[in-house]
Amino acid sequence: MAEPTPIRVEVDFDLCQGHAECQAEAPEWFTVGKGPEAKVRARRGAIPDDHLEAVRAAVKYCPTQALRLVHDDANPQE
Ligand code: SF4
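Residues numbered from 1 in each chain as written. Predicted model: local features only at pLDDT ≥ 70, side-chain atom pairs only at ≥ 80, totals over all residues.

Asker: Would you mind going over the overall build of the protein with me for this structure?
Answerer: Counting its secondary structure elements, the protein contains two helices and four strands. Reading the protein from its N end, one meets helices and strands in the order β-α-β-β-α-β. By the burial criterion, 19% of the 78 residues in the protein qualify as buried. In the protein, of all internal contacts separated by at least 6 residues, the share reaching a separation of at least 24 is 69%. (Helix = DSSP H or I, 4+ residues; strand = E, 2+ residues; numbered from the N terminus. Buried ≥ 20, exposed ≤ 12 C-beta atoms within 10 Å, placed from the backbone. Contact = placed C-beta atoms within 7 Å.)

Following this line, the structure appears as structure tokens:
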């Protein structure tokens, strides 16, 4: 089994507009409610290797750039 990587996702809820692109890319990691006030709910903690590609795609395709990846060990951001 793959070791979890020390990378997690952070959400800027001021930017999130509930587009749900993230949920489409990584449904294991993001859920978005319905309605005009919907915001994303993201899982916390280290992202396992087998989810990382999908989460990276979610970050990339979020239209408002509300998501970012954070490396817990050295703190550089992607
Ligand atoms: S794609 Fe971006 S704006 Fe849309 S729900 Fe996900 S985080 Fe929010």
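Asker: Would you mind going over the site of the ligand with me for this structure?
Answerer: Residues in close proximity to the ligand total 15 residues, the closest being Cys16, His19, Glu21, Cys22 and Cys62. For the shell around the ligand, the secondary structure elements donating two or more residues are helix H1 (21–25) and strand E2 (30–32). Class assignment of the residues belonging to the shell around the ligand gives a composition of ten nonpolar, four polar and one charged. (Near = placed C-beta within 6 Å. Nonpolar A, V, L, I, M, F, W, Y, C, P; charged D, E, K, R; others polar.)

Asker: Would you mind going over the environment of Arg68 with me for this structure?
Answerer: Relative to the helices and strands, Arg68 is located in strand E4 (residues 67–71). Taking the C-alpha atoms as reference points, Arg68 and Arg56, twelve residues apart in sequence, are found 8.7 Å from one another.

Asker: Would you mind showing me how to read the nonpolar core here?
Answerer: For soluble globular proteins, the rule of thumb is that nonpolar side chains tend to be buried together. Formed by 15 residues in total, the largest nonpolar core has its most connected members in Cys22, Phe30 and Ala58. Looking at this core, the elements with two or more residues in it are E2, strand E3 (40–42) and helix H2 (49–61). Discounting residues that sit within four places of it in the chain, Cys22 has contacts with Phe30, Val40, Ala58, Cys62 and Leu67. (Core = buried A, V, L, I, M, F, W, Y, C linked by C-beta atoms within 7 Å.)

Asker: What should I look at first to understand the environment of Pro63 in this one?
Answerer: Within the secondary structure layout, Pro63 lies in the loop between H2 and E4. What makes Pro63 exposed here is the crowd of 10 C-beta atoms within 10 Å.

Asker: Would you take a moment to explain unusual backbone geometry for this structure?
Answerer: What is expected of a backbone is that most residues other than glycine have negative phi and most peptide bonds are trans. Not every positive phi belongs to a glycine, and Ala20 is a case in point at roughly 70 degrees. Along the polypeptide, Ala20 turns up in the loop between strand E1 (7–11) and H1. Look at Ala20 and you get partly exposed, because 18 C-beta atoms sit within 10 Å. One non-glycine residue, Gln65, adopts positive backbone phi at about 55 degrees. Relative to the assigned elements, Gln65 resides in the loop between H2 and E4. Judged by C-beta crowding, with 11 C-beta atoms within 10 Å, Gln65 ranks as exposed.

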